[in-house]
Amino acid sequence: MINQTLSKNAESSAPDMKLFYACFISLVTTAFGFILRAIVLPQWGVDFKLTQTQLGEIAGVGLWPFAISIVLFSLVIDRIGYKTAMFFAVFCHIASAIITIFATGYWMLYIGSFICAIGNGTVEAVANPVVATMFPKQKIKWLSRLHAGWAGGLVLGGLMALLLGVNTQWEYKIALILIPTLIYGVMTISRKFPVNERVQAGVSYKEMLQEVGAGGALIIVALIVFQLGAVFAWPTAANIVITLLITAGFGYYTRSFGQPLFIILLLIMIPLATTELGTDSWITDLMTPEMNKIGFQAGWVLIYTSAIMFALRFFAGPISHRFSSPGLLAICSAIAAVGLYVMSFSAGSLILIAATIYGLGKSFFWPTMLGMVSERFPKGGALTLNITGGLGMIAAGVIGAGILGFIQDKSVDQKITAYDRTHQTAIHNTYVTEQKTSLFGDYKALDQTKLATANANEQLTVTTIRDGAKKEALRYIVIFPLIMLASYLLLILYFKSKGGYKAIALNQTEELEATPY
């Protein structure tokens, strides 16, 4: 009788793997939205006559609104319920697909991408704390497996889109996102979601907010408000006032500056997201010239690196046990820096080698950072975990995707000016005439309409210069993983001075066993 009772208790407390896979497929859906847009991005530039910076803004709005939804839902998700939030995500993914498919220009593409990002943020607002709660003693392992869904979605969505062929209209490729959307929507209906570990442990709502504090609020609020200000053309003074008012209100209520280590991790998340997602959002377009030379669609680069990431994340258990979180992230930062640098001058088969190095480097970035935040700040519940992911997405969207487009346009501007000076031509004055403004400053871009009327020699000259600028843009991004490397090495030294890296468990009076490096 006793054995039967123990057996039933064990069974009832066992994680619901069907729920885990519903969360897994919801992450697959977010990846579909990302890679399908990345693959058709060059075609949008041609069909709608968009500049590289405009393409970067569309790629960016597919990322940064994630922060709005993930933060807002994290504040209320324990009250409205995880299932309600997940159904809202389903609605967003369906709506974004419809708007994008029927787009007639820049703004409809922008709005469709915005709604998709809102849905993606909602998915992670649910999936991350649910999985962390389901596996409280193996957070890195299972968060890595959860985020293997992102990598797997990149591979599956990319393969499906590429196998449709270059002659298939991009609208059909965008529609592919509806497949995983309907699957995770149906799977969610019958599942029962767990109570967050923060709630289970009796940690109050205010205590959760105090982990973030005014310092953490300032960082995330400033990025969101200034990006909204850029979209709606608010004056800088208005952005500053709104940011300070929200931050002051949050600080007044919580009476806390926030955990210093958490704020440091938030700052490190900016270069991390730029290195991974900012680069991935552009990699198809950046590698198109070189991949065309060897007879392949450029999307294969992203699919290949994502396949590496999927395998490593899904089988992350032994690796996550071998190294501490900051140790693993330091190693990955060094590898990613090498991969991006080599990719910036790669040609032919060397592209495969460079992509392999980069794929190995980026594999553990996102889930390990989320895992480290969840391990060190469990009192923060869904909020600290999801603010970290939200900050990463907005950094990738605003800084990563945008800066790569800006770098290309500025590089083309400068190189064509230098070419004119050397060859006594007037290509710049004729074709680089589009005056634009972005978050990173004013710039001049190629006028695609005028360029289409250029003679063959001038078109070849401009195309050659533009193709060179695409690859060289990756070289500028190397600074971000180098910043991460330095940051994680300092964290390793900090934890070493404290006796080693330790995960904190809410239901225990002591920290879990330390990992020395």
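Please read these numbers as outputs of a predicted model, since none were measured by experiment.

K.L.:
Run through the packing of aromatic side chains, naming residues and quoting values.
P.N.:
Taken as a whole and assessed by the stated rule, the structure comprises 21 aromatic pairs. Aromatic pair Phe24 and Phe314: ring centres 6.3 Å apart, planes at 85 degrees, arrangement edge-to-face. Taken as a pair, Phe24 in helix H2 (residues 17-47) and Phe314 in helix H14 (residues 299-314) lie far apart in primary sequence, 290 residues in all. Taken as a pair, Phe24 and Phe314 share a single burial class, namely buried. Joined through ring pairs, the aromatic side chains of Phe20, Tyr21, Phe24, Phe135, Trp142, Phe310 and Phe314 make up one cluster. In this structure, Arg79 is placed above the aromatic ring of Tyr205, and the distance from its NZ or CZ to the ring centre is 4.4 Å.

K.L.:
Break down the packing of helix H4 (residues 65-80) against helix H5 (residues 82-101) for me, citing the residues and quoting the values.
P.N.:
For the pair H4 and H5, interaxial distance at closest approach is 7 Å and the crossing angle is 125 degrees. Considering their axes alone, H4 and H5 lie oblique with respect to each other. Within the contact between the two elements, H4 uses Phe73, Ile77, Asp78 and Ile80 and H5 uses Tyr82, Thr84, Ala85 and Phe88. Of the residues contributing to the contact of H4 with H5, the split by class is six nonpolar, one polar and one charged.

K.L.:
Lay out the confidence of the model for the chain in plain terms, naming residues and giving numbers.
P.N.:
Detailed reading of the predicted model is not advised wherever pLDDT is low. Within the chain, residue pLDDT values average 85, and 93% of them lie at 70 or more. Considering each helix and strand of the chain separately, the mean pLDDT is smallest for helix H1 (residues 2-13), with a value of 44, and largest for helix H9 (residues 178-189), with 96. Here residues 509-517 is modelled with pLDDT under 50, and outside its nearest four sequence neighbours on either side it reaches 22 contacts, counting other chains as well.

K.L.:
For the side chain of Thr254, give the residues involved together with the corresponding values.
P.N.:
Here Thr254 shows up in helix H12 (residues 236-254). Owing to a relative accessible area of 0%, Thr254 belongs among the buried residues under this scheme. Here Thr254 is in contact with Lys206, Leu209, Gln210 and Gly213, once residues within four sequence places are set aside.

Rules behind the numbers
Residues numbered from 1 in each chain as written. Predicted model: local features only at pLDDT ≥ 70, side-chain atom pairs only at ≥ 80, totals over all residues. Heavy atoms only, no water. Phe/Tyr/Trp six-rings, centres within 6.5 Å; stacked < 30°, edge-to-face > 60°. Helix = DSSP H or I, 4+ residues; strand = E, 2+ residues; numbered from the N terminus. Buried < 20%, exposed > 50% of the residue type's maximum accessible area, 1.4 Å probe, protein only. Lys NZ or Arg CZ within 6 Å of the ring centre and 35° of its normal. Axes fitted to C-alpha atoms, helices over the stretch in contact; angles between N-to-C directions. Parallel < 35°, antiparallel > 145°, perpendicular 65-115°, else oblique. Contact = heavy atoms within 4.5 Å. Nonpolar A, V, L, I, M, F, W, Y, C, P; charged D, E, K, R; others polar. pLDDT = per-residue confidence, 0-100.

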